[in-house]
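One letter stands for each residue in the lines below.
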Amino acid sequence: MEADGALDLGALHRELRAALAADEKHAREDEAKFRAVRQRVASYEEFRDIVLASHLKPLEKKDKMGNKRNVLWNPCAGHTKGQQAGDVEIPQELDQLPGTSAEFYRDWRRCLKSGKEKYQLLLKLEGKALGRIFQADLGFGLLGEFLAVLAENICHEDRDAVLQILQSLSGTKRFGLNVDLLSESEKESTRDLFRKLQSMSRDYWTPGHFSGPAICKAEREAHLTDTSLQKEAEERIMMELMKCYLVS
């Protein structure tokens, strides 16, 4: 509703489209899950692949090899020509950051082509916004994708931001179930991510990290006491997160 009390029809339309897209996605994934169960797939990885590919459209007879294809069999694919490998900016199609889970699914699947672009989106949204977006439900397969993207792209400067993201995701509903459903490769990505975080923490809290000739002895001792408390607090957070993500 606008300041003068009038309804914002544009906002209502956007919310309606987002709600419809979310309903369609849930219905599509549920149908894929039942189909996978009926097919008696041999492994969880096959089950997961069927669900994640539920948005794909089968080719029709007119879309045979040798003819011009008129049907986009993968609606989540887009134009990738000319994209630079080192480009880490979020594409211009994202004129604004997603505010709902439906908007996030749309942008994550359609607009972001590389792991670096997805990593930048997670950082720009930050943990608080991600926790709010997925408070009700973290979609099937997304947690594993997040962990793989974070593990592949994390750097020292983003250590605190990644920890905040992991904390926020651990507070979403059915988080434990999502962790249980991680594939083996996703579990390995999770372990790799925490190994990198622990290594970065050790480097960050080394005794000489904060020292310098301009700091007097008293200031240095006070600073070391303060950083020691911060280090202990961070170590507690790290241990709690490792338990949440089943990393031993």
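Scroll up a little and you will see the structure.
The structure contained in this document is the topic of the report that follows. (Residues numbered from 1 in each chain as written. Predicted model: local features only at pLDDT ≥ 70, side-chain atom pairs only at ≥ 80, totals over all residues. Heavy atoms only, no water.)

**Digging into the packing of helix H3 (residues 101-110) against helix H4 (residues 115-133)**
For the pair H3 and H4, the least separation of the axes is 12 Å and the interaxial angle reads 165°. As far as their axial angle goes, H4 and H3 are roughly antiparallel. Considering only the axes of H3 and H4, their crossing is left-handed. Contacts between H3 and H4 involve Ser 101, Phe 104 and Trp 108 from the first element and Lys 118, Leu 121, Leu 122, Leu 125, Leu 130 and Ile 133 from the second. The residue inventory of the contact of H3 with H4, partitioned by class, reads 7 nonpolar, 1 polar and 1 charged. (Axes fitted to C-alpha atoms, helices over the stretch in contact; angles between N-to-C directions. Helix = DSSP H or I, 4+ residues; strand = E, 2+ residues; numbered from the N terminus. Parallel < 35°, antiparallel > 145°, perpendicular 65-115°, else oblique. Left-handed = near helix turned anticlockwise from the far one by under 90°. Contact = heavy atoms within 4.5 Å. Nonpolar A, V, L, I, M, F, W, Y, C, P; charged D, E, K, R; others polar.)

**A few points about the packing of aromatic side chains**
Taken as a whole and assessed by the stated rule, the structure comprises 8 aromatic pairs. Ring centres of Phe 175 and Tyr 245 lie 4.9 Å apart, and the angle between their planes is 80°; on these two criteria the pair is classed as edge-to-face. Highlighted residues: Phe 175 in helix H7 (residues 175-180) and Tyr 245 in the segment after helix H9 (217-244), separated in sequence by 70 residues. Both residues of the pair, Phe 175 and Tyr 245, count as buried. (Phe/Tyr/Trp six-rings, centres within 6.5 Å; stacked < 30°, edge-to-face > 60°. Buried < 20%, exposed > 50% of the residue type's maximum accessible area, 1.4 Å probe, protein only.)

**Focus on H4**
Compared with the 27 Å implied by 1.5 Å per residue over 19 residues, the 20 Å span of H4 between its first and last C-alpha is markedly short. The largest bend in H4 is about 95°, located at Glu 126. Looking only at H4, the buried set comprises Glu 117, Lys 118, Tyr 119, Leu 121, Leu 122, Leu 123, Leu 125, Gly 127, Ala 129, Leu 130, Gly 131 and Ile 133. Packing partners of the buried residues in H4 comprise H3, helix H5 (142-153) and helix H6 (159-169). (Expected span 1.5 Å × (residues − 1). Bend = angle between axes of the 7 residues up to and from the residue.)

These results come straight from atomic positions and should not be treated as a statement about function.
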